[in-house]
Amino acid sequence: MAESIKAPRGVRDILPDDSWKWGHTLNMSRKIADLFSYKEVHLPIFEHTELFARGIGDTTDVVEKEMYTFEDKGGRSITLRPELTASMVRCYLEHSMNGGPQPVKLWGSGPMFRYERPQKGRYRQFWQLDFEALGSDSPLVDLEVIMTAIELFRNLGMSNLEVVINSVGCPECRPAYREALMDYLRPYLDELCGTCQNRFDRNPLRILDCKNDRCKEITDGAPAIFETLCDECSEHFKAVTSGLDSLGIVYHVDKRLVRGLDYYTKTAFEVQSGDLGAQNAVCGGGRYDNLSEAIGGPHVPGVGFAAGLDRIVLTMEQQGCDFGRKPTPDVFVVCADEIARSLAVDVLYRLRREGISADMDYLGRSMKAQMKSAVNGGSSVACIVGGDELDKGVVTVKDLSRSEQTQVELESLTSSVSRLLV
C-alpha cells in the first residue's frame, strides 16, 4: 500500500472545530475596519520578486532566507507574498489612489508564506490581517492605527496586552545612530551570535532585536536612538506618545524594538501578550514613508500594522475569550422512515429559505440515532416527519431544551420554529 500523503512541514489544516473561531475573528476585524473607515482589498497571493526585494530590503532575513521564490513559465521571478504592506503600496500606486482624498485607508487578510522554523503560533503558511493608511505623514494617523489595533483586540475580549513603541528614525538621522551603535558593538563582535555577526555590517539595528541571551546582555548598554533623532523624528515621536497619554492608552518605550524590514521609518510599535512566551507579539507595525519610492513610485507616507490570525486565536483560547456561538444547525429534521425522506427535503428547503439553518440524516439511521445527532449536534429544535404526520399533513416540532413538542401544519412550520428560536 502506498504511503498516505500528509501536509508539508510548517503548514496545517484549519479544521471545523477551529475555523469558526477564525471566522469570528475575521468578522470582528471587518466591523472594526468599518468603524475606522478602512476599505477592504483582496490582493494577489504572489507578486514579482522585485517588489519584495526592493521594498522589504535585500539584506533582511525575509528576502535572504525566508521567501518562497520560483521562476514561472515565462521566465519571470515570482514570490509568494511574505507580508502584505508592499503589496498594499503597489496596489495604491498601480490604481492611482493618490489622486483622491488622503489618507487612503485599506485593509485585507489572507495567507502569507515564509520559510522559517515552525514554532508555537508560527507557521510557514500563516494568515494575517493587515491595516494600512497611505498618503499622510501626520502623527495623528500613527495614533489612529495604534487605536485600531487596540480596539480590535479589545472587542475580541483579549487582555494582558501592552503597547510597546519606539522610533527607528529616518534616512536623515538613522545613519548617525547606526554608526554609534556599531561603535558600541565593535568591541563585543566576537561575543555576538553568528546571526548578529552577519548583521553587523549590513543591518546592525536588527542586533537589538536578537533573542540570544548573551546578545541581549551586550545590547543592554547600547545607546538609544533618541540621542540621535533629528528634530522632525523627535517631534513626531513626541506627538504620538502624547496622543497615547491623552487617550489613556498604556504603553512603554523600548529601545530594542526595531522592525525586521528596511522600509520602516519613525514610529515602530507592537501589541504584545504576556501569554505567548518569547514570541509574544500579536501585532506589529509602524510608519514606512519611503516604501513607495523604494518600489519606483512617488513619495507616499504610510503607516499600518499586521496581526497574525494564528497568534490572535491562540491568545484568545489561552485567555478564555468568547468566540460567540459555534455554528450548529438550529433545526434537525428527523425521518420516521424512507417514505418520509421526500417530505423531509421539502421541510429543509422551507426552513433554509427563511434563514433557519437545518440539517437531516442521510444514512438511513433509526429515529433514536437521529434524535441523538440532533442533541449532540447542538440543535435547538427537531422536526419529526413520517407515519401519522404524513397522513395528517403535519410536522411534529420538538423543543429540545424543554422536551416539549406539538404538531403544526406544514404551511405554518417556519413561523412555529422561528418562535422557538427567539
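As shown above, the structure is provided for reference.
Model, not experiment: these values are computed from the prediction.

(A) A look at the sheet that holds strand 10 (residues 281–287). The strand order 1-5-6-11-10-9-7-8 describes an open sheet built from eight strands, whose pairing is mixed. Edge positions in the open sheet fall to strand 1 (39–40) and strand 8 (251–253), since each of these has one partner strand only. The strands that helix 1 (residues 16–35) touches are strand 1, strand 5 (104–113) and strand 6 (125–134); relative to strand 6, the one it contacts most, it runs at about 5°.

(B) How the structure looks around the packing of aromatic side chains. Tallied over the entire structure, the rule returns eight aromatic pairs. Ring centres of Trp22 and Trp127 lie 6.3 Å apart, and the angle between their planes is 75°; on these two criteria the pair is classed as edge-to-face. Here Trp22 is found in helix 1, whereas its partner Trp127 is found in strand 6, with 105 residues between them in sequence. What makes Trp22 buried here is its relative accessible area of 10%. For the pair Tyr38 and Phe131, a centre-to-centre distance of 5.3 Å together with 75° between the ring planes defines the contact as edge-to-face. Of this pair, Tyr38 sits in the loop between helix 1 and strand 1 while Phe131 sits in strand 6, and the two are 93 residues apart along the sequence. No difference in accessibility class separates Tyr38 from Phe131, as the two residues are buried. Each residue in the set Tyr38, Trp107, Phe131 and Phe305 is aromatic and connected to the rest through ring pairs, giving one cluster. In this arrangement the basic side chain of Lys21 is found over the ring face of Phe323, its NZ or CZ atom lying 5.3 Å from the centre. Looking at Lys105, its charged tip hangs above the ring of Tyr38, at a distance of 5.4 Å from the centre.

How each quantity is defined
Residues numbered from 1 in each chain as written. Predicted model: local features only at pLDDT ≥ 70, side-chain atom pairs only at ≥ 80, totals over all residues. Heavy atoms only, no water. Pairing = 2+ DSSP bridges. Helix = DSSP H or I, 4+ residues; strand = E, 2+ residues; numbered from the N terminus. Contact = heavy atoms within 4.5 Å. Axes fitted to C-alpha atoms, helices over the stretch in contact; angles between N-to-C directions. Phe/Tyr/Trp six-rings, centres within 6.5 Å; stacked < 30°, edge-to-face > 60°. Buried < 20%, exposed > 50% of the residue type's maximum accessible area, 1.4 Å probe, protein only. Lys NZ or Arg CZ within 6 Å of the ring centre and 35° of its normal.

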